[in-house]
Amino acid sequence: MSRAGIDAIEIWTGKLQLDLPRTFAPVKGSDPQKYLKGIGIEYSSLPDVYEDIVTMGANAAKQLLDKKELAPADIGRIDVATESSFDNSKPVSTYIAGCLESVYESNFTHANKGERKFACLSGTQAIDDAYNWIQAGRHRGKPALVIATDTALYERGDPGEATQGAGAIAMLIDEDPDIVSISHSQGYGSADETDFLKPNQQFPSVDGKRSVQVYLARMREALADYESVAGKTHPDAFAAVPFHTPFPGMVRKAALLGYRHTIRNTDIEDELASDIGTQPRRNEFDSNSEFDAEMRTYMDGLKQTEAYQEWYADRIEPTIQFARQVGNWYTGSVHIARYSALHSAATAGDSLSGEQLLVGSYGSGAEAEIHVETVQPNWKSAINSVTFAESLASRYDLSFEEYERIHDVHNAQKETEVEPFTNPDGEFIFTGWGRMNERRYEYRPCQSGNAS
Ligand code: CAA
């Protein structure tokens, strides 16, 4: 079986930002520390008037094609993952392909196109589809373009409003990839749940507290399932553990559970025993409540140990740096977490070639998936070529009143006319609706006139 995985990535952030501790918190009457420390998001990225899931996806994809010197005819399939789709029939990948074809000479006539849905998990599932297509030898030597694009907006006043975000990540999935190869083994944890859903409505119905518990339960099942096929995991076997990151506070909870699970019956559990005892085992207790109470005490102790705190600082903290700056990008979120870890290692000058990542994806409804990725020799130059940090720094900073207006602009139930806050510059923009209610787009060349 050949190596297949992520060869290149590009990221497009919504061009506006909402500052949660300084702009959102005072109006909500909440403590800024709730966002900075508790939820863990400082800024949410939001789309300007002329941006949506198509423009963000097409802009990320164009950057990727240009960087790799690829043309549409070089691509064998385009899979778009989103939970913000506006059409139940025509896939977003056709809109994105149409945008791209308007600026390149060749087209995507022979590329297979689709749209993947399973809440936030579908970005990973689309990579899976591309991986399987390559491994089955059906790709004719061509790579796949996977684009995860979302506008994660909640009803105003919903607790989820603090975890909004908007952006797209385009990934090239290919043989002999430059960034990471993907393991053949996978683990799943899945159940019919109603934690977060959008039954033919734009804004989600969310049971926030329950969604956190469902995430953790499915992730635990996926890890056990992964170990059943790949063998026992050890926390020190991984250079980073990128999780789906609806908000960094969620990852804090998942990481502690993951650490507890992976140290069980290892040297680390033994070393910590003199400090906090060994982990309670369910079969040693007469009742679940006694076991749960004992486990809570163990977890409280574990969280304070130097071993856990060092592991968290090394393997988890680097994965959530960009989530703090952009909020939740739904389908793109776990892929931002992977990028965040690799970007942080590249900036620190670390050598990661040959190291492994344990990647935990999650989609409400609900399913978690776990697999392992191996960092490839060319990872650093591939990561250093992504210009995401610069585009984050140039976002327009919204006042609260501007935020309310832009939220209304993107609310399908409202008709709101607002002037854009930024100028499109060498990018695709949304221009309005056509005669069959299709969304229409055009490319705005660079104002300096020197870009394609
Ligand atoms: N200083 C420090 N920390 C503070 C604080 C302060 N002043 N005030 C509050 N906090 C902490 C809280 O203790 C809490 O942390 P812990 O859970 O570790 O105790 C954290 O900040 C959040 O506070 P609340 O729970 O009170 O916040 P909330 O009730 O307003 O909403 C939420 C939190 C439920 C996550 C809400 O934002 C929400 O519904 N989000 C959308 C759903 C979601 O993201 N779920 C995640 C799992 S589902 C999924 O992953 C799919 C997806 O992408 C949506």
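In every chain, residue numbers begin from 1 and rise along the written sequence. Confidence filtering applies because this is a predicted model: local features only for residues at pLDDT of at least 70, side-chain atom pairs given and counted only at 80 or more, and all residues used for totals across whole chains, interfaces and linings. For side-chain calculations, the full set of non-hydrogen atoms in the structure is used, while hydrogens and water are omitted.

Draft legend 1. Region of interest: the overall build of the protein chain. In terms of regular secondary structure, the protein chain is built from 15 helices and 15 strands. Both definitions apply: the radius of gyration is a C-alpha atom measure, and the globule rule equals 2.2 Å times residues to the power 0.38. Taking 22 Å as the expected radius of gyration for a compact globule of 452 residues, we find that the protein chain reaches 22 Å, a close match to that expectation. On the principal axes, the C-alpha backbone points of the protein chain span a range of 70 × 55 × 40 Å. The buried label goes to any residue with under 20% of its type's maximum accessible area, the exposed label to any with over 50%, and the partly exposed label to all in between, with areas taken from a 1.4 Å probe on protein chains only. By the burial criterion, 56% of the 452 residues in the protein chain qualify as buried. A sequence separation of at least 24 residues applies to 77% of the contacts in the protein chain between residues at least 6 apart. Every accessible area reported is derived by Shrake-Rupley at a probe size of 1.4 Å, with residue values counting cover from the shown protein chains alone. For the protein chain, the exposed area adds up to about 19,200 Å²; of that, 45% sits on carbon and sulfur atoms. Side-chain charges in the protein chain split into 43 positive and 68 negative, and the spacing between the mean points of these groups amounts to 3 Å. For the purposes of this entry, the term helix denotes a DSSP run of H or I that reaches at least four residues, the term strand denotes a run of E that reaches at least two, and both are numbered from the N terminus. Only heavy atoms enter the contact rule, under which two residues are in contact if any of them lie within 4.5 Å. Here the positive residues are Lys and Arg and the negative ones are Asp and Glu; neither His nor the chain ends is included. In plain terms, the charge of a residue is placed at NZ if it is Lys, CZ if Arg, CG if Asp and CD if Glu.

Draft legend 2. Spatial organisation of the pattern of salt bridges. Any Lys or Arg side-chain nitrogen found within 4 Å of a carboxyl oxygen on Asp or Glu counts as a salt bridge. Within this structure, the stated rule accounts for 25 salt bridges. Residues Arg218 and Glu221 are paired through a salt bridge, measuring 2.7 Å at the closest nitrogen-oxygen approach. A residue pair is termed a helical-turn pair when its members lie 3 or 4 positions apart in one helix, as Arg218 and Glu221 do in helix α6 (residues 208–230) at three residues. Among the ionic contacts, a cluster of salt bridges with common partners joins Arg156, Glu404, Asp408 and Lys414.

Draft legend 3. Highlighting the environment of Gly114. With respect to the secondary-structure elements, Gly114 resides in strand β5 (residues 112–116). With 32 residues separating them in the primary sequence, Gly114 and Val146 have C-alpha atoms 9.9 Å apart. If we ignore the near neighbours within four places in the chain, the residues touching Gly114 are Ile78, Asp79, Val80, Pro91 and Ser93.

Draft legend 4. Representation of the sheet that holds strand β1 (residues 4–13) within the structure. Ordered in space as β5-β4-β6-β7-β1-β8-β12-β11, the eight strands form an open sheet in which the pairing is mixed. Both outer strands of the open sheet, β5 and β11 (356–363), are each paired with one neighbouring strand and no more. Direction aside, neighbouring strands of the sheet carry axes that sit 25° apart on average. Alignment of β1 against strand β7 (residues 165–175), held across nine bridges, turns out to be antiparallel. When the bridges of β7 are listed, Trp12 appears paired with Ala168. Every axis corresponds to a line fitted to the C-alpha atoms, with the helix fit spanning only the stretch in contact, and the corresponding angles, defined between N-to-C directions, vary from 0 to 180 degrees. Here α6 sits on the sheet and contacts β8 (180–190), β11 and β12 (367–375); the angle it forms with β8, its principal contact strand, is near 120°. The rule for pairing is simple: two strands pair if DSSP sees at least two bridges between them.

Draft legend 5. Quick look at empty space enclosed by the protein. Cavity and pocket criteria rest on a 1 Å grid covering protein atoms alone: a 1.4 Å probe that fits but cannot get out defines a cavity, protein on both sides within 12 Å along at least 5 of 7 lines defines an open pocket, and an atom within 4 Å of a point defines a lining residue. Grid points are joined across faces, edges and corners, and a volume is the space filled by probe spheres set on the points. Applying the stated criterion to the full structure yields four cavities of 30 Å³ or more. When its volume is computed, the largest cavity comes out at roughly 210 Å³. Along the walls of the largest cavity sit 19 residues, with Leu223, Phe243, Ala254, Leu257 and Gly258 positioned nearest its centre. Broken down by secondary-structure element, the contributors of at least two residues to the lining of the largest cavity are α6, α7 (248–263) and β11. Here the element with the most residues in the lining of the largest cavity is α7; it accounts for seven residues. Gly counts as polar in this scheme, as do all residues outside two lists: the nonpolar Ala, Val, Leu, Ile, Met, Phe, Trp, Tyr, Cys and Pro, and the charged Asp, Glu, Lys and Arg. Of the residues in the lining of the largest cavity, the class split is 13 nonpolar, four polar and two charged.

Don't take any of this as a statement about function, it's just geometry.
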